[in-house]
Amino acid sequence: MKPEDKTKPATDNVPERSSTTRGLVWGSDVGVGRGGTGGGGYSPFGAIFGHQASSTAARPTGAAIPRHQMAVLEPLQDEQAARSLRRRYGPVFAETTPGGATVVSIAERAALEAVLRTPAKRPYRPPTEIVEVYRKSRPDRYASTGLVNEQGEKWFHLRRHLTSELTSPHTMQGFLPELNSICDDFLTLLKSCRRPDGTVNGFEQLTNRMGLESVCGLMLGTRLGFLERWMSGRAAALASAVKAHFRAQRDSYYGAPLWKFAPSNLYNTFVRSEETIHMIVSELMDEAMSRAAGSAQDDGMREIFLKILANPELDTRDKKAAVIDFITAGIETLANSLVFLLYLLSGRPDWQQKIRSELPACGHLRVEELAAASSLRAATTEAFRLLPTAPFLARLLDAPMTVSGHRLPAGTFVLAHTGAACRREENFWRAQEYLPERWCRVREPHAAALVAPFGRGRRMCPGKRFVELELHLILAKIMQQWRVEFDGELDIQFDFLLSPKSPVSLRLVEW
């Protein structure tokens, strides 16, 4: 091979642009979503400042800044609005509230890499305000607003005592045998719902149930039966409450925040869901403590949960809040990522066959077997690049910095549009196409640092290892039995997170 050929993909079978590779072309810009681009949007930071935002092009200090008043839109249009603003103002622009607070949005590679590399001792993450307001109103149940919403020293204390086990490779390896069983039960559920032609309708609902079973198994140390054909009453109540909880948080970001001034239907729905989850989690924690008191045996499934319970540095109220937050935060991310991954892979039957060829024919999979399947990791990473569930990251600058020639003071909110940047041709070769080959051998441009589906730095999602492990494992088990087919294109929306529109149907076809 000639030296200049080192950046070519490892395979000679890179699909042509006219092949079955699923391209992601959403209008004239490489934004997220379908349909019209709209003329404006509601900033997710509006809740922080208490105002609608206006938009300006980011300019050097001292330049006059034109204002553009943004309309309040539905969640679906929020990323479409950002796409429209990028076209109008370029890859760096500012949204300014009437009170003078500024949010700077960036989608340019050098600016993104500079911001994401900047360290922060106590990084600030915009809180989910409806959660913050409710938990502060219930000190009998909550000692803090939780790991996701706390800031500063309190956040650091929670992070230090709650996430070390969850982020440990040893912990994930210990949980793998039970995760194999959970994935096998998910495949059994798929078989029971699969029609004679291989069609599975409502696939996204089944993936949510798998997410509940696995996350609860990890955090509560017990199987709850979400993957049984008919769920128990308690499992069904928890599943319903988690869904309502997520939807209420999402809706609280958009439209007029009337819930802040008087109990609204939205706020009451959130409160009911949080109280239901708290009640069930409390029951399960009490049951787990009773089991632990009667048995000296520990196993991989109960390891994280028992260590959280036994930690003397944590208030019991914080322990319950942590379990609630891990459960509610992890399910949608896991389920949506699996749908996106299978959809993109359906356009690459050759890569599905490659994954299958690198795996054992059947049985429980070990860490070593998953690690040896490089095509499995490449498929997942490429799906994260094209369809990350979190298409942007939030940062609060600890110190002044210059971004694309614009001086930003300390305290500036920066919204890093990593998802949009990953779909720009100057950052990735054939950027809008699903090409797992690019992760086996690089072909420039290849801005790998922009792929950040779990965030970056100290506030990176602590469930990263768990979600990646489960995605690899469930994809491997599906590929062992079936190839995946989709008809047409998957409708995608910005629904607080990037998510598929319901319902999702696919075909699982015998090899």
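Throughout what follows, the structure given in this document is the object of discussion. All of these numbers come straight from a predicted model, not from anything done at the bench.

Here's the deal with the pairing of strand 6 (residues 393-396)
Of the two faces of strand 6, the one holding Leu393 and Arg395 is buried and the one holding Ala394 and Leu396 is not buried anywhere. Pairing analysis gives four bridges linking strand 6 to strand 9 (residues 413-416), with the strands arranged antiparallel. Its bridge partner being in strand 9, Leu393 is matched across the sheet by Ala416.

Overview of the layout of surface pockets
Of the pockets and cavities examined, the second largest pocket occupies roughly 470 Å³. In terms of lining residues, the second largest pocket is bounded by 23 residues, among which Gln205, Asn208, Lys243, Arg247 and Glu332 are the most central. Going through the elements one at a time, helix 7 (203-220), helix 8 (233-252), helix 11 (316-346), strand 11 (492-495) and strand 12 (497-500) are the ones with two or more residues in the lining of the second largest pocket. Grouping the constituent residues of the lining of the second largest pocket by class yields nine nonpolar, eight polar and six charged.

Quick notes on empty space enclosed by the protein
Taken as a whole and assessed by the stated rule, the structure comprises three cavities of 30 Å³ or more. As for the second largest cavity, its lining consists of Phe384, Arg385, Pro388, Ala390, Thr418, Gly419, Cys422, Leu450, Val451, Ala452 and Pro453. Mapped onto the lining of the second largest cavity, the elements with two or more residues apiece are helix 14 (374-386) and helix 15 (418-422). Looking at the lining of the second largest cavity element by element, the count peaks at three residues for helix 15. Counted by class, the lining of the second largest cavity contains eight nonpolar, two polar and one charged residues.

Quick word on the packing of helix 11 against helix 14
Viewed as axis vectors pointing N to C, helix 11 and helix 14 meet at an angle of 105 degrees, and their least axial separation amounts to 9 Å. Classified by the angle their axes make, helix 11 and helix 14 are roughly perpendicular. Facing helix 11, whose interface residues are Ser337, Leu341, Leu344 and Leu345, helix 14 presents Ala379, Thr380, Ala383, Phe384 and Leu386. In terms of residue class, the contact of helix 11 with helix 14 is built from seven nonpolar, two polar and no charged.

Analysis parameters
- Residues numbered from 1 in each chain as written.
- Predicted model: local features only at pLDDT ≥ 70, side-chain atom pairs only at ≥ 80, totals over all residues.
- Heavy atoms only, no water.
- Buried < 20%, exposed > 50% of the residue type's maximum accessible area, 1.4 Å probe, protein only.
- Helix = DSSP H or I, 4+ residues; strand = E, 2+ residues; numbered from the N terminus.
- Pairing = 2+ DSSP bridges.
- 1 Å grid on protein atoms, 1.4 Å probe; cavity = no way out; pocket = protein on both sides within 12 Å on 5 of 7 lines; lining within 4 Å.
- Points joined across faces, edges and corners; volume = space filled by probe spheres on them.
- Nonpolar A, V, L, I, M, F, W, Y, C, P; charged D, E, K, R; others polar.
- Axes fitted to C-alpha atoms, helices over the stretch in contact; angles between N-to-C directions.
- Parallel < 35°, antiparallel > 145°, perpendicular 65-115°, else oblique.
- Contact = heavy atoms within 4.5 Å.

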